Amino acid sequence: MARDTDLQTPETEAAKGADSAAAPRTRSTAKGTASSTARKAAATKKTASKPAAAAASAPAAAAASAPAEAPQAAKRPLAAIARRKRPRKEPKTGPVTIGRSGSTKLKNISEIRHYFRTNESPVFFVGATAFNLLGLDRWVRGFSYITYYDSWDGAHPRVFSPTDKPYVEFESGEDINNWLLSNHEVRAHIERQTPPGLRPKIVMVFFDERTERICEELDYELILPSHALRERLDSKIVTTQIADSVGVPSVPNVLTTVADWNELVRVVDEAGLGRDLVIQTAYGDSGKTTYFVTGEEEFDAIADEVTGVEIKVMKRINNRPIAVEAVITRQGTVVGPCMTEITGHAELTPYRGGWAGNEMFPTVLDDGSRHAAIQLVRKLGDRLGAEGYRGFFEVDVLLDTDTGDVYLGELNPRVSGASAITNVTAGAYADVPLFAFHLLEYAGIDFEIDVDEINARWEDLASEDEWSHMVIKHTSNTVERINTAPRTGRYVLDHSGRLTYTHGDLDWHLLSNEAEAFYLRIYDAGDYRWKGADLGILVTKAHLEADHGGLTIHAKYLIDAIRGMYYATPVDGGEPELKPAPAKGK
């Protein structure tokens, strides 16, 4: 269930009354419902772009004023620009070589680590925030981030965010990414960071056909499976069918189309599923398109969503959701650690069953269940490889707490929110982060890895580490303008047990104990918060969920402490019923 943070800003009638002179630089919005007046108020304060035309004209002016007897000096500035400009679609002249030996194949983990630390090929992660792959630049020399929201206010050396952000009504994460790729500041940044003769590589969580067209036009290499393939595999119906074809078990279910309650009853009776049911549509976030039905009244409430379309109807089981990420390479599927999912806690999210984070600790699963989950993911990954899929994906595995059986929950063919933990495990530091295998698959270089050995080692190493993170949403049914927000960086519990900001930091990789935490701010002073808005993400090595299923006392304190650092002014006449996609997105 864990995926990228899908970030939106409310658009409300109340914004009409906001002081336009003090309005912040505008943010994205999802399916806003406010009037054009509110949109204008939200867009009043914009960061002015620099007069690029004037700057660009300087070399030409200098050349024009040069003496006639020095034509070569006049040409030098233009010649320098030409040398810096990256040739477009330059044909490959030979295989990629490694080190002084001239070898064309990476033969072990040490060589893979060396390759990423020395290779200059630029890779840009593009997204609303840098959260999903933050810290990967510690291993990959050419890795950096292009984001819409700058959580560090320009202080992170590997994060670029354009300064000129006119009001745009974004409908999705795809819209944000497409806007970023098309933005003139972003394009100039990518050009500056790309050595001559190389194509910039682009990776992101959300993209569509338009993204592919933009990358083609700009000569960027989108190092992800095609949108068409991802869209097909994203269907819960298709995923179940593919899993069935290789014996990957799902919770007892039936794939069907029904017109009403009576037809549903007939179908589930024939399948022996009982009347305590879970219904999922083919597409959509599982926190918002998964329905629990025990009778006709509950079915009627969702009939418009589940009738006349293909649905997956499952027997409801008592389960523990487990998130597992993996990478499909040409030599097999490399599987990451098993993590629990933090879902549905009212302190974090207003959505029933809504994803709000992940945890990894030694007793997430017993040894037998962990091995079964890893083998399930690996078997599914190998089958997806036969469909032409390459690279990173995430699987929700369901552990039946009554029987101990392990089932496939759903497939997310993309980078996920759980990646933030996957890339800091003991296994990642012993070898390379899991996502490095995705980069390797798209690096254009041959490599040789022992997938069996890596998976066996990671199964042991990863289980000994502890990490947690939680997405903190605004849960009140209000719309408010933020006056003060906590800073991104390191927080610790002081001598009195109070959570205190100590200093700015680039990521959470150096956290060493449960008394420390890293907070990634999303919404800043001047932004609006509303029911379901993602305020920020807190990462810690502390345990956040108690054995009884609720949040720990420590987790609740951390949430309250972070919320207490926000000061906001209610906006009268707001639209409190706005329901943006939960943090994991779709």
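Notes on the structure follow.

## Comments concerning the overall build of the protein
At step 1: If you tally the helices and strands in the protein, you get 17 helices and 24 strands.
At step 2: Looking at the protein as a whole, 56% of its 586 residues are labelled buried.
At step 3: Of the contacts made within the protein by residues no fewer than 6 positions apart, 70% connect residues no fewer than 24 positions apart.
At step 4: For the protein, the accessible area works out to roughly 24,000 Å², and carbon and sulfur atoms hold 51% of it.

## Some words on the sheet that holds strand S4 (residues 159-160)
At step 1: As summarised here, the arrangement of the five strands in space is S4-S3-S2-S5-S6, forming an open sheet in which the pairing is parallel. The open sheet has two edge strands with one neighbour each: S4 and strand S6 (221-222).
At step 2: Summarising the sheet, strand S5 (residues 201-204) and S6 pair through two bridges and their orientation is parallel. Pairing of Lys-201 across the sheet is with Glu-221, part of S6.

## Digging into the sheet that holds strand S18 (residues 479-484)
At step 1: Sheet architecture is open: three strands sit in the order S22-S18-S24, paired in antiparallel fashion. Looking at the sheet topology across the chains shown, the edges are occupied by strand S22 (528-530) and strand S24 (567-570). When the angles between neighbouring strand axes are averaged without regard to direction, this sheet yields 40 degrees.
At step 2: As defined by bridge partners, S18 adjoins S22 across three bridges and the pair is classed as antiparallel. Note on S22: the bridge partner recorded for Arg-481 is Tyr-528.

## Notes on the side chain of Asn-178
At step 1: As for its position among the elements, Asn-178 is in helix H5 (residues 173-182).
At step 2: Within the local environment of Asn-178, its side chain forms a polar contact with the side chain of Thr-211, the two groups lying 2.5 Å apart.
At step 3: Those residues within four positions of Asn-178 in sequence are excluded, and the remaining contacts are Asp-208, Arg-210, Thr-211 and Ile-214.

## Side note on the environment of Asn-455
At step 1: Inspection of the secondary structure puts Asn-455 in helix H16 (residues 451-461).
At step 2: By relative accessible area, Asn-455 is classed as buried at 6%.
At step 3: Sequence-wise, Asn-455 and Pro-337 are 118 residues apart; in three dimensions their C-alpha atoms are separated by 9.6 Å.
At step 4: In this view, Asn-455 contacts Thr-333, Val-334, Val-335 and Arg-378; residues no more than four positions away in its chain are not counted.
At step 5: Within the structure, the side chain of Asn-455 is placed 2.8 Å from the backbone nitrogen of Val-335, a separation counted as a polar contact.

## Brief notes about unusual backbone geometry
At step 1: Unlike most non-glycine residues, Asp-153 shows phi in positive territory, near 55 degrees.
At step 2: Within the secondary structure, Asp-153 is located in the loop between strand S3 (143-147) and S4.
At step 3: For Asp-153, a relative accessible area of 53% corresponds to the exposed category.
At step 4: A positive phi angle is found at Asp-219, which is not glycine, with a value near 65 degrees.
At step 5: On the secondary structure map, Asp-219 appears in the loop between helix H7 (209-218) and S6.
At step 6: On the accessibility criterion, Asp-219 (0% relative accessible area) is buried.

## Describing the packing of helix H12 (residues 367-386) against H16
At step 1: Relative to each other, H12 and H16 sit at 145 degrees, their axes nearing to 11 Å. In this structure, H12 meets H16 at a crossing whose hand is right-handed. Where H12 abuts H16, its residues Arg-370, His-371, Ile-374 and Arg-378 lie against Val-451, Asp-452, Asn-455 and Glu-459.
At step 2: Its residues assigned to classes, the contact of H12 with H16 shows two nonpolar, two polar and four charged.

## A look at helix H15 (residues 434-441)
At step 1: For H15, a buried count of eight out of eight residues is recorded, marking the element as mostly surrounded by other parts of the structure.
At step 2: If you check which residues of H15 are buried, you get Leu-434, Phe-435, Ala-436, Phe-437, His-438, Leu-439, Leu-440 and Glu-441.

## Points about the pattern of salt bridges
At step 1: All told, the structure shown has 29 salt bridges when counted by the stated rule.
At step 2: Of the charged contacts, one joins Glu-453 and Arg-457 as a salt bridge, the two residues approaching to 2.1 Å between their closest N and O atoms. Residue Glu-453 and its partner Arg-457 are located together in helix H16, separated by four residues, close to a single helical turn.
At step 3: The salt bridge partner of Asp-524 is Arg-521, with a shortest N-O separation of 3.5 Å.
At step 4: Classification of Asp-524 by relative accessible area gives buried; the value is 16%.
At step 5: Given a relative accessible area of 4%, Arg-521 falls into the buried group.
At step 6: Salt bridges here are not isolated pairs; linked through shared partners, they connect Lys-105, Asp-446 and Glu-448.

## Some points on the environment of Gly-354
At step 1: Within the fold, Gly-354 resides in the loop between strand S12 (332-343) and strand S13 (355-360).
At step 2: Along the chain, Gly-354 and Thr-343 lie 11 residues apart, while their C-alpha atoms are 5.3 Å from each other.

What counts, and at which threshold
Once a new chain begins, its residue numbering starts again from 1 and follows that chain's sequence as written. Side-chain atom pairs in this predicted model are given and counted only at pLDDT of 80 or more, local residue features only at pLDDT of at least 70, and totals for whole chains, interfaces and linings cover all residues. Values reported for side chains reflect all heavy atoms of the structure, with hydrogen atoms and water molecules removed beforehand. Helix numbering and strand numbering both begin at the N terminus, where a helix is a DSSP run of H or I of at least 4 residues and a strand a DSSP run of E of at least 2. Exposure classes here rest on a 1.4 Å probe applied to the protein chains alone. A residue is buried below 20% of its type maximum, exposed above 50%, and partly exposed in between. Between two residues, a contact is recorded if the distance between any of their heavy atoms is within 4.5 Å. Where accessible areas are quoted, they stem from the Shrake-Rupley method and a 1.4 Å probe; at the residue level, only the protein chains shown are allowed to cover. We call two strands paired when DSSP finds no fewer than two bridges between them. Fitted lines through C-alpha atoms serve as axes, helices being fitted only where they are in contact, and the angles separating the N-to-C directions of these axes extend from 0 to 180 degrees. In protein, a polar contact means a hydrogen-donor-capable atom and an acceptor-capable atom, both N or O and within 3.5 Å, with residues adjacent in sequence counting only if both atoms are side-chain atoms; elsewhere, any N or O pair within 3.5 Å suffices. Crossing handedness: left-handed means the near helix sits turned counterclockwise from the far one by under a right angle, and right-handed means the same turn made clockwise. Note that Gly is not counted as nonpolar here; it falls among the polar residues with everything else outside the nonpolar set of Ala, Val, Leu, Ile, Met, Phe, Trp, Tyr, Cys and Pro and the charged set of Asp, Glu, Lys and Arg. The working definition used for a salt bridge is a side-chain nitrogen of Lys or Arg within 4 Å of a carboxyl oxygen of Asp or Glu.

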